[in-house]
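Tertiary structure, described
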Amino acid sequence: MTPYLEITDLQVEFPTQDGTVRAVQGLSYALPLGRTLAIVGESGSGKSVSSMAVMGLHDPRSTRITGSIKVGGKEIVGMSERNLMAFRGADASMIFQDPQSSLHPYFTIGDQIMESYRAHHRVSRKTAKARAIEMLDRVGIPNPGRRVDQYPHEFSGGMRQRAMIAMALVNDPKLLIADEPTTALDVTVQAQILDLIADLQRDFGSAVVFITHDLGVVAEIADDVLVMYAGNAVEHGPVKQILGTPLHPYTWGLLESIPAVSGTPGPLHPIPGSPPSLLAVPNGCAFHPRCEFRDRVADGLCGEKLPDLVARTADPDRLSRCHLTGPDRIFETDILPRLP
Ligand code: SF4
């Protein structure tokens, strides 16, 4: 399938007084239309920073970005702010974690959706308002003709997130990036929002990047999963295989540290240590100081050489960045039935 989003050797760095923060280091992945990719990893793994780079949201005065990001064939790295303004909203949109702080409290919900629509279409206020009402209806806001004139504080948390989704999709973008869009919501509303995003993706045929740390959400919404650690991809593949038989010790550690939701609770297996400072990422495999399998690899290779992200099984869609070979390279988990 032709990718709609194609990232090649992306590096995002922030020069600071204490040194250079290497937030993303050589990230590559591709996403076709109609697929949902979940990006998972601990805080500081580069999930959000890489996705903000896709939207051209980093300030070029304080950020160094190299590599390539192509969205629908357009190169985003180095694109002028004027062209980025035309690109954002029309080709790609982003939904953020907290709709309360993403919506302007002084403007009605309708005004904010209309502004987004009129930034890309030369239409009257009346036409734009009709489009805002149509989108509010599409995302399940009851009585949209009345709600369109209300302010964000008059909406519940779940309704505000629905309004954000309406705003993100008002121009029919082919790429939607959702950065932890359900984290601030309670569990019932979270399920509704996930269903809504999945429905809209089917209807609009868009490509969706879904950033989350919640593997229950991943199991529910993703086709494919990209696992990030210390600014780079360590595993990439179809969701069932990643959750069922991961190939990377870090993915296995993430899965093993999830508590059981039913049955007799067993001991948790947290990943020892913490993620590295991005000012001083360890040599070799960045995960090696925390990896309990590094001694199975000969000659201290894990601390010296960064493994390539390559297919390590017969399945070319399953990529892993780990030196383990033989039967050791595949882990078994019972996570799928244990997820909420
Ligand atoms: Fe562990 Fe070595 Fe694999 Fe890194 S390369 S995950 S340290 S076994």
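Keep in mind it's a predicted model, so treat the numbers as computed, not measured.

**Re the sheet that holds strand β4 (residues 64-71)**
The 4 strands are arranged β2-β1-β4-β5 in an open sheet whose pairing can be described as antiparallel. A strand with exactly one partner marks an edge of an open sheet, and here the two such strands are β2 (19-32) and β5 (74-75). Taken together, the 11 bridges between strand β1 (residues 3-16) and β2 define a ladder with antiparallel strand orientation. Of the residues in β2, the one forming a bridge with Glu-13 is Arg-22. Sheet strands touched by helix α1 (residues 47-54): β1, β2 and β4. Its angle to β1, the strand with the most contacts, is close to 115 degrees.

**Considerations on the site of the ligand**
Near the ligand, the surroundings consist of 13 residues, among which Cys-285, Cys-291, Cys-302, Cys-322 and His-323 are the closest. Placement of the ligand is best described as lying within the largest cavity. Here the shell around the ligand is built from residues that sort into 9 nonpolar, 3 polar and 1 charged.

**Some words on the domain arrangement of the chain**
It is common to give the size of an interface as the accessible area that goes away when the parts come together. Per the domain assignment, the segments of the chain are domain 1 (1-86 + 175-340) and domain 2 (100-172). Summarising the inter-unit geometry, the C-alpha centres of domain 1 and domain 2 are found 31 Å apart. Each partner contributes to the interface: domain 1 provides 14 residues, whereas domain 2 provides 12 residues. Taking both partners together, domain 1 and domain 2 bury about 1,100 Å²; carbon and sulfur atoms supply 72% of that area. In terms of surface lost to domain 2, no three residues of domain 1 exceed Leu-196, Leu-200 and Phe-204, which account for 42% of the buried area on that side. Linking domain 1 to domain 2 there are 1 salt bridge. Residues Arg-138 and Asp-203 are paired through a salt bridge, measuring 2.0 Å at the closest nitrogen-oxygen approach. Scanning the region where domain 1 abuts domain 2 turns up 3 residue pairs in polar contact (both at pLDDT 80 or more). Elements with a contribution of two residues or more to the side of domain 1 that touches domain 2: α2 (81-87) and α8 (187-204). Counting residues per element, the side of domain 1 that touches domain 2 draws most heavily on α8, which supplies 9 residues.

**Examining the side chain of Thr-182**
With respect to the helices and strands, the residue Thr-182 is situated in the loop between β7 (175-179) and α8. Note on Thr-182: relative accessible area 5%, which makes it buried. Apart from the residues lying within four places of it in its own chain, the contact partners of Thr-182 are Gln-190, Ile-193, Leu-194 and Val-217.

**Comments concerning the packing of helix α5 (residues 125-138) against helix α7 (residues 157-169)**
Helix packing for two helices is described by the angle between their axes and how far apart those axes are. Relative orientation of the contacting elements α5 and α7 amounts to 125 degrees, with a least axis distance of 9 Å. For the element pair α5 / α7, the angle class is oblique. When you trace α5 past α7, the crossing you get is right-handed. In contact with Arg-131, Met-135 and Leu-136 of α5, α7 contributes Ala-163, Ala-166 and Leu-169. Tallied by class, residues from the contact of α5 with α7 come to 5 nonpolar, no polar and 1 charged.

**Some words on the packing of aromatic side chains**
One pair of aromatic rings is described through two measures. These are the centre distance and the angle between the planes. The full count for this structure, using the stated rule, is 6 aromatic pairs. A centroid spacing of 4.6 Å and a plane angle of 55 degrees characterise the contact between Tyr-229 and Tyr-250, whose relative ring orientation is tilted. Remark: Tyr-250 occurs in helix α11 (residues 249-256) and Tyr-229 occurs in strand β9 (residues 224-229); sequence separation between them is 21 residues. The exposure classification of Tyr-229 matches that of Tyr-250, with both residues buried. A ring pair is formed by Tyr-229 and Phe-287, whose centres lie 5.1 Å apart and whose planes are at 80 degrees; its orientation type is edge-to-face. Of the two residues, Tyr-229 sits in strand β9 while Phe-287 sits in the loop between α11 and β11 (310-311), which places them 58 residues apart along the sequence. The residues Tyr-229 and Phe-287 share a single accessibility class, namely buried. Ring pairs connect the aromatic residues Tyr-229, Tyr-250 and Phe-287, which therefore count as one cluster. Lying over the aromatic face of Phe-155, Arg-147 brings its terminal NZ or CZ to 5.4 Å of the ring centre.

**What to know about the pairing of β4**
Put simply, side chains in a regular strand alternate between the two faces of the sheet. Direction of pairing for β1 relative to β4: antiparallel, over a ladder of 7 bridges. Opposite Val-12, over in β4, you have Ile-65 as the bridge partner. Across 2 bridges, β4 lies against β5 in antiparallel orientation. Bridge pairing in β5 places Lys-70 opposite Glu-75. Here β4 folds back onto β5, and the loop between the two strands holds 2 residues, one of which, Gly-72, carries a positive phi near 55 degrees.

**Concerning the side chain of His-236**
Looking at the secondary structure, you find His-236 in strand β10 (residues 232-238). When neighbours within four sequence positions are excluded, His-236 is seen to be in contact with Tyr-29, Leu-37, Asp-224, Val-225, Leu-226, Ile-242, Asp-317, Arg-318 and Leu-319.

Definitions and cut-offs
- Residues numbered from 1 in each chain as written.
- Predicted model: local features only at pLDDT ≥ 70, side-chain atom pairs only at ≥ 80, totals over all residues.
- Heavy atoms only, no water.
- Pairing = 2+ DSSP bridges.
- Helix = DSSP H or I, 4+ residues; strand = E, 2+ residues; numbered from the N terminus.
- Contact = heavy atoms within 4.5 Å.
- Axes fitted to C-alpha atoms, helices over the stretch in contact; angles between N-to-C directions.
- Near = heavy atom within 4 Å.
- 1 Å grid on protein atoms, 1.4 Å probe; cavity = no way out; pocket = protein on both sides within 12 Å on 5 of 7 lines; lining within 4 Å.
- Sits in = over half its atoms within 2 Å of the grid points.
- Nonpolar A, V, L, I, M, F, W, Y, C, P; charged D, E, K, R; others polar.
- Domains from an automatic or database assignment.
- Buried area = accessible area lost by both parts, 1.4 Å probe.
- Salt bridge = Lys/Arg side-chain N within 4 Å of Asp/Glu carboxyl O.
- Polar contact = N/O pair within 3.5 Å; in protein donor to acceptor, adjacent residues only side chain to side chain.
- Buried < 20%, exposed > 50% of the residue type's maximum accessible area, 1.4 Å probe, protein only.
- Parallel < 35°, antiparallel > 145°, perpendicular 65-115°, else oblique.
- Left-handed = near helix turned anticlockwise from the far one by under 90°.
- Phe/Tyr/Trp six-rings, centres within 6.5 Å; stacked < 30°, edge-to-face > 60°.
- Lys NZ or Arg CZ within 6 Å of the ring centre and 35° of its normal.

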